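Residues per chain are reported as follows:
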Amino acid sequence: MKTSKKIGLGLLTLGLAVSLVACGGGKKADDTATGGDKGKGADYSAALVTDVGGVDDKSFNQSAWEGLQEWGKENDKKKGTGGYNYYQSNSDSEFTPNLNSAIDDGFNTVFGIGFKLQPAIEEIADANKDTQFVIIDDVIKGKDNVESVIFKDNEASYLAGIAAAKASKTKHVGFVGGQEGEVIGRFEAGFVDGVKSVDKDIKIDVKYAGSFGDAAKGKSIAAAMYKSGADVIFHASGDTGNGVFSEAIDVMKTKPENPVWVIGVDRDQHDEGEYDGGNVTLTSTLKGVGTVVKTIATDAQDGKYNGGKTEVFGLKDGGVDLTKGQLDEVNPDIQKAVDEAKDKIIAGDIKVPEKPSKK
Amino acid sequence: MNKKNELVRSIAVPVISVLAGLLLGAIIMLVFQYNPVEGYGAMIEGAFGRAYNVGEVVRLATPLILTGLGFSVAYTAGFFNIGLAGQALCGWIASIWLAMTFPDLPKALLVPLCIIAGTLAGALWAGIAGFFRAQFGTSEVIVTIMLNYTILYISNHIVRYVLTDNADATPKISPNASLRSDFLTQLSGGSRLNGGIFLALLMIVLVWVLMKRTTAGFELRSVGLNPLASEYAGMNAKKNIILAMVISGALAGMGGVVEGLGTFENLYVLSAAPEIGFDGLAVSLLGGGNPIGILLSSLLFGVLKIGGLKMPSVGVPKEIVEIVIASIIFFVGINYAIRYIMDKFAAKKMTGKGEA
């Protein structure tokens, strides 16, 4: 009885204390917020807003954030307002408030990471002419304060397709996409075309998880694919793909005699395929989101911001690529075939489709 | 005397829950070496710093009021409607579909039509669960959970193949169907605040009148208190089960309409059922099922979620905000413990004073 009374009293007083503290903090924050610092050069600051997935998705958002961090360190910026920062979106309704928070905090350049932010940026760009926006993976035309960045993911995926086709022993490969749409469509189209360029008879399973953040779904899709005989899966699905890796590792642990592989996406996912006894990551397609974020931030700081323009990055300029991974360990011919195709794509002899053909 | 005590307690329990949740959040921030004063300071600035932020807080609270009211109606009648998310999505789809089909109708006609369509769609979707419950005694919890998934995939299919040609979002609806108005947008510094808030406030009054001042409301309440006794007293249990679910779904559908015509002005491919469903459930529990309580707790959710977006500015990760919200719900969930402690406390005081 006595203790419960004490607990009750304790909770109340502590609660009150916290609410008082919180109010006090509010006042302080208001005071500092009024002196917003908009600047150029040394005062220049940049932030990014993630799509659903977060800066630790081991793929798309993470590489963008890594690029921004690198830029910040090289330019002696501090993480936080006035330097560099990220705003994480946990749902689609948070894109607009996050963009506004970034604008509010006085960042000069605000990156929208992913095509999902396109409508939100389009909507607020006109009302915030002083802020330079950058949209990755989509195009916003006719606005001087929005720069658009597109990657030719289909080219890197084509190379991944060649690698998958050459590495597959069962002549059966799989593709796991995040959400259907223009961007992941490029991955699918390139991959399928690459596989077919090696052998028209290879079976390709294409499945979409419907989300970039559902590792459990990724795992169950991968399980079904491996069970039906596929031995290489290329995933273009952000966080969902972590389930594909985990399933591949489980398969390798139970049945090491039939090796299975995963092809990673957007950044070198070698570490994600690591397990005691080996590694399931065959190779990864690279998407230079980090490099591009870094370059644009550096340029914008020097006053060279390309507002209103659309920039396209492909194999030619190193915007996308395929890692060496374990290609050589599986079969030394693979790297040769990949390099040949790469040269042909750069020379324009191979045109990789951007949209998957309708079934 | 007893009644007054009960009133004090029903206010004290959610307030203590919120404070305890905030306290737990502060402790977690301290443990991970963030400054809770700065963290909560940023939250308050993020929620009230500018007219825009206040607008967004109210914008976020609007659909929660509706789904929260929806949950409370079913809960009062003894049902746990966990399918608010699916019913809201149903309303969202119906309103967008209608808005896209008749983009040129005058605003005064199109907006009410879309709201009615969305409300009916939500009611219908919940009615399925109500019908099964009344007819076969199936658990409404299981049925509504399943219906959440069903409508999620139906919705994604409709977006992709019916309303658009394989795109992942429908185009923006015509201004004639939008709940937004220049007045509200300008008033709130360009936020997505919309006319849905008036709809929500109206529903607060209507639901209160329905539950407290009408025969139907009395029947719903008595079915919730004791279904057997109500039936013995001559009330139709089946009718009341279905009615409770239908009203609940209608309100959730309205919440979906507000998201569709107000917040997003389109429908897009979702990876999960709209979060206003489960947040509405939490809001209703926190508000003790009382319309005014629901209004206040919806606004609190708005402050936490919109304000929380600002917390990364001072280095506190956003996950902390989620932990605070989750711990508030946790403390609401164990409100029996809080009541127990308060009871002991009150009893002690009484005996101490030597009064009976």
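Being a predicted model, the structure only gives us computed values, none of them experimental. (Residues numbered from 1 in each chain as written. Chains lettered and ligands numbered in written order. Predicted model: local features only at pLDDT ≥ 70, side-chain atom pairs only at ≥ 80, totals over all residues. Heavy atoms only, no water.)

Undergrad: What is the right way to look at the overall build of chain B in this model?
TA: Counting its secondary structure elements, chain B contains 15 helices and zero strands. Rg of the C-alpha trace for chain B: 21 Å, near the compact-globule value of 21 Å for 356 residues, within the 12% margin. Overall, the C-alpha framework of chain B stretches about 75 × 60 × 35 Å when taken along its three principal axes. Counting the 356 residues in chain B, one finds 55% classified as buried. If you take every contact in chain B between residues at least 6 apart in sequence, the share linking residues at least 24 apart comes to 78%. (Helix = DSSP H or I, 4+ residues; strand = E, 2+ residues; numbered from the N terminus. Rg over C-alpha atoms; globule rule 2.2 N^0.38 Å. Buried < 20%, exposed > 50% of the residue type's maximum accessible area, 1.4 Å probe, protein only. Contact = heavy atoms within 4.5 Å.)

Undergrad: Explain the sheet that holds strand E6 (residues 172-177) of chain A to me, please; I cannot follow it from the model alone.
TA: Sheets are built from strands paired through backbone hydrogen bonds, the pairs being either parallel or antiparallel. Residues and elements named next belong to chain A. Read across the open sheet, the six strands follow the order E7-E6-E8-E9-E12-E14; overall the sheet is mixed. Of all the strands in the sheet, the pair left with one neighbour each is strand E7 (203-208) and strand E14 (320-322). Put simply, the sheet's adjacent strands are angled 15 degrees from each other on average, direction ignored. Two strands pair when backbone bridges link them, and strand E12 (residues 281-287) and E14 are joined in this way by three bridges, in the antiparallel orientation. Bridge assignment links Lys 287 to a residue of E14, and that residue is Val 320. Where helix H5 (residues 153-167) meets the sheet, its contacts fall on E6, strand E8 (232-236), strand E9 (261-264), E12 and E14, and the angle it forms with E14 comes to roughly 10 degrees. Contacts between helix H7 (residues 215-227) and the sheet are confined to E6, E7, E8 and E9, with E7 contributing the most and set at about 165 degrees to the helix. (Pairing = 2+ DSSP bridges. Axes fitted to C-alpha atoms, helices over the stretch in contact; angles between N-to-C directions.)

Undergrad: Hey, could you run me through unusual backbone geometry in this one?
TA: In most cases, non-glycine residues show a negative phi, while peptide bonds are predominantly trans. Phi at Lys 171 of chain A is positive, roughly 55 degrees, even though this residue is not glycine. Residue placement: Lys 171 of chain A occurs in the loop between H5 and E6. A relative accessible area of 39% places Lys 171 of chain A in the partly exposed class. Positive phi outside glycine occurs at Gln 33 of chain B, with the angle close to 65 degrees. Position of Gln 33 of chain B among the secondary structure elements: in the loop between helix H1 (2-31) and helix H2 (36-48). Given a relative accessible area of 72%, Gln 33 of chain B falls into the exposed group.

Undergrad: Teacher, can you tell me more about empty space enclosed by the protein here?
TA: Take a probe with the size of a water molecule and roll it over the atoms, and the empty space left behind shows itself. Counted according to the given criterion, the structure contains five cavities of 30 Å³ or more. What lines the largest cavity is a set of 20 residues, and nearest its centre among them are Asp 51, Phe 60, Ile 184, Phe 212 and Asp 266 of chain A. At the level of elements, helix H2 (60-74) and helix H6 (182-198) of chain A are the ones that each hand at least two residues to the lining of the largest cavity. In terms of residue count, H6 of chain A provides more of the lining of the largest cavity than any other element does, three residues in total. When residues of the lining of the largest cavity are sorted by domain, at least three fall in each of domain 1 (41-151 + 290-313) and domain 2 (153-286 + 326-347) of chain A. Taken as a whole, the second largest cavity holds about 60 Å³ of empty space. Lining the second largest cavity are Pro 97, Asn 100, Ser 101 and Asp 104 of chain A together with Gly 46, Tyr 52, Asn 53, Ile 306, Leu 309 and Lys 310 of chain B. (1 Å grid on protein atoms, 1.4 Å probe; cavity = no way out; pocket = protein on both sides within 12 Å on 5 of 7 lines; lining within 4 Å. Points joined across faces, edges and corners; volume = space filled by probe spheres on them. Domains from an automatic or database assignment.)

Undergrad: In this structure, what is going on with the sheet that holds strand E5 (residues 146-151) of chain A? I would like to understand it.
TA: Residues and elements named next belong to chain A. The six strands lie next to each other as E2-E1-E3-E4-E5-E13, forming an open sheet whose pairing is parallel. The sheet is open, and its two edges are formed by strand E2 (84-87) and strand E13 (310-313), each paired on a single side. Neighbour-to-neighbour, the strand axes of the sheet open up by a mean angle of 20 degrees, direction not taken into account. Of the strand pairs in this sheet, E5 and E13 are connected by four bridges, and their pairing is parallel. Its bridge partner being in E13, Val 149 is matched across the sheet by Glu 311. The strands touched by helix H3 (residues 95-104) within the sheet are strand E1 (46-49), E2, strand E3 (109-113) and strand E4 (132-136), with E2 carrying the most contacts at an inclination of about 160 degrees.

Undergrad: I keep staring at the nonpolar core and nothing clicks. Help me out?
TA: In summary, soluble globular proteins display a tendency toward joint burial of nonpolar side chains. Counting 86 residues, the largest nonpolar core has Leu 69, Leu 89, Leu 261 and Met 311 of chain B as its most contacted members. The dominant element in this core, judged by the number of residues it contributes, is helix H11 (residues 237-264) of chain B, at 10 residues. Those residues in contact with Met 311 of chain B that sit more than four places away from it in its chain are Met 29, Gly 39, Ala 42, Met 43, Val 316, Ile 320 and Val 321 of chain B. Core analysis: the next-biggest nonpolar cluster, separate from the first, contains 64 residues, Trp 71, Tyr 86, Tyr 158 and Leu 315 of chain A among them. (Core = buried A, V, L, I, M, F, W, Y, C linked by side-chain atoms within 4.5 Å.)

Undergrad: Would you take a moment to explain the side chain of Ser 313 of chain B for this structure?
TA: Relative to the assigned elements, Ser 313 of chain B resides in the loop between helix H13 (291-308) and helix H14 (319-333). Judged by its relative accessible area of 10%, Ser 313 of chain B is buried. Excluding anything up to four places from it in sequence, Ser 313 of chain B contacts Gly 80, Thr 81, Asn 85, Tyr 87 and Asp 105 of chain A.

Undergrad: Is there a simple way to think about the packing of aromatic side chains in this case?
TA: Residue and element names in this part refer to chain A. Scanning the model with the defined rule gives 21 aromatic pairs over all chains in all. When the ring of Tyr 87 is compared with that of Phe 107, the centres are 6.2 Å apart and the planes differ by 80 degrees; the resulting orientation is edge-to-face. One end of the pair, Tyr 87, is in strand E2; the other, Phe 107, is in the loop between H3 and E3, and 20 residues separate them in sequence. Taken individually, Tyr 87 and Phe 107 each receive the classification buried, so the pair is uniform in this respect. Residues Phe 187 and Phe 234 carry aromatic rings whose centres are separated by 6.3 Å and whose planes lie at 55 degrees to one another, so their mutual orientation is tilted. Remark: Phe 234 occurs in strand E8 and Phe 187 occurs in helix H6; sequence separation between them is 47 residues. You'll find Phe 187 and Phe 234 in the same group, each marked buried. Chaining the aromatic ring pairs together yields one cluster made of Phe 175, Phe 187, Phe 191, Tyr 208 and Phe 234. (Phe/Tyr/Trp six-rings, centres within 6.5 Å; stacked < 30°, edge-to-face > 60°.)

Undergrad: Please clarify how the pairing of E3 of chain A should be interpreted in this entry.
TA: Look at any regular strand and the pattern is simple: side chains alternate between the two faces of the sheet. Residue and element names in this part refer to chain A. Burial analysis of E3 places five of its five residues in the buried class, the great majority of the element. Of the two faces of E3, the one lined by Thr 109, Phe 111 and Ile 113 and the one lined by Val 110 and Gly 112 are each fully buried. Pairing geometry for E1 and E3, over four bridges, is parallel. In the sheet register, Leu 48 faces E3, and the bridge partner there is Phe 111. Examined bridge by bridge, E3 and E4 share five bridges and lie parallel to one another. Across the sheet, the residue bridging to Ile 113 is Ile 136, located in E4. Taking the sense of rotation as the criterion, the β-α-β connection linking E3, helix H4 (residues 118-125) and E4 turns out right-handed. (Right-handed = clockwise from strand over helix to strand, strands pointing away.)

Undergrad: Could you clarify how one ought to interpret the domain arrangement of chain A in this entry?
TA: Note on interface size: it is often stated as the accessible area lost on association of the parts. Residue and element names in this part refer to chain A. Domain annotation for chain A reports domain 1 (41-151 + 290-313) and domain 2 (153-286 + 326-347). Taking only C-alpha atoms, the centre of domain 1 and the centre of domain 2 are 29 Å apart. Both faces combined, the contact of domain 1 with domain 2 buries some 1200 Å², and carbon together with sulfur accounts for 49% of it. There are one salt bridge connecting domain 1 and domain 2. (Buried area = accessible area lost by both parts, 1.4 Å probe. Salt bridge = Lys/Arg side-chain N within 4 Å of Asp/Glu carboxyl O.)

Undergrad: Looking at this model, I keep getting lost on a nonpolar patch on the surface. Mind explaining?
TA: Residues Ile 142, Ile 145, Met 146, Tyr 149 and Tyr 153 of chain B make up a contiguous nonpolar surface patch of roughly 530 Å² in combined accessible area. Residue position: Ile 145 of chain B is located in helix H6 (residues 140-163). (Patch = residues over 30% accessible without salt bridge, like charges linked within 9 Å, V, L, I, M, F, W, Y side chains within 5 Å. Areas by Shrake-Rupley, 256 points an atom, 1.4 Å probe, with all protein chains shown as cover.)

Undergrad: Explanation requested: the environment of Asp 299 of chain A in the structure shown.
TA: Residues and elements named next belong to chain A. Position of Asp 299 relative to the elements: it lies in helix H9 (residues 289-301). Once the C-alpha coordinates of Asp 299 and Ser 237 are considered, the two residues, 62 residues apart in sequence, prove to be 30 Å apart. Once residues lying within four places of it in the same chain are set aside, the contact partners of Asp 299 are Lys 304 and Tyr 305.

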